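Examining the three-dimensional arrangement
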Amino acid sequence: MSDYNDVLNVVHQYFASADARDWETYRSLHADTVEVNFGGVNDDAAGPVAADDMLRSARDLVGPVHLTQHMISNEVVIIDGDRATVAFYEQALHHHPALSDDPAVNTWILYARGVHDLKRTGNGWKLAGARLQPVHHTGNANLLQDVAASAS
């Protein structure tokens with residue numbers, strides 16, 4: 001059970017640290033290179049991505065958004081030696097009231113299926129792969145781009 005809890009904790013910390021803008025913790029959870037496919041949500045992070053570039057991308061993409069809350073559920077954890085896979089459902093709220101008073105403009109909620117691949121290292125379990133398959137969304141699907149444009 002220890003590996004199971006450790007693996008699941010890394011996945012939970014990944015989302016919680018991004019929402020808290022705790023970039024030091026976020027960076028510490030990644031292997032040196034992460035194989036990424038976010039299903040078109042963030043094409044700046046696709047294919048093999050260096051951990052520092054994962055950090056930069058997350059900081060640039062969600063950092064300026066006033067509020068994010070990533071919730072995952074239905075986690076299925078498979079551990080095979082020094083490798084682990086966690087499949088889950090994700091609901092990701094993004095809210096930026098400076099864009100408008102209208103929730104159709106200032107809010108975007110993404111629903112997706114995700115899979116994180118982890119590997120055991122000398123420093124614990126690290127994220128080695130992240131895949132996301134968007135299945136539905138509500139609100140402003142361009143919110144991330146709109147926030148970036150408003151910051152310019």
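Everything below is about the structure shown above.
Scoring rules and cut-offs
- Residues numbered from 1 in each chain as written.
- Predicted model: local features only at pLDDT ≥ 70, side-chain atom pairs only at ≥ 80, totals over all residues.
- Heavy atoms only, no water.
- Pairing = 2+ DSSP bridges.
- Helix = DSSP H or I, 4+ residues; strand = E, 2+ residues; numbered from the N terminus.
- Axes fitted to C-alpha atoms, helices over the stretch in contact; angles between N-to-C directions.
- Salt bridge = Lys/Arg side-chain N within 4 Å of Asp/Glu carboxyl O.
- Buried < 20%, exposed > 50% of the residue type's maximum accessible area, 1.4 Å probe, protein only.

This paragraph deals with the sheet that holds strand β2 (residues 47–50). One open sheet holds the six strands; their spatial order is β2-β1-β6-β5-β4-β3, and the pairing between them is mixed. Both edges of this open sheet fall to β2 and β3 (67–80), since each of them pairs with a single strand only. Neighbour-to-neighbour, the strand axes of this sheet turn through a mean angle of 25 degrees, independent of strand direction. Where strand β1 (residues 30–37) meets β2, four bridges bridge the pair, whose relative direction is antiparallel. Note on β2: the bridge partner recorded for T33 is A50.

Within this structure, the stated rule accounts for five salt bridges. Note that R56 and D60 form a salt bridge whose closest N and O atoms lie 3.7 Å from each other. Taken together, the residues R56 and D60, both in helix α3 (residues 51–62) and four residues apart, mark about one turn of the helix. Note on D60: relative accessible area 49%, which makes it partly exposed. With its nearest N and O atoms 2.5 Å apart, the salt bridge here joins R131 to D117. Remark: D117 occurs in strand β5 (residues 107–121) and R131 occurs in strand β6 (residues 124–139); sequence separation between them is 14 residues.

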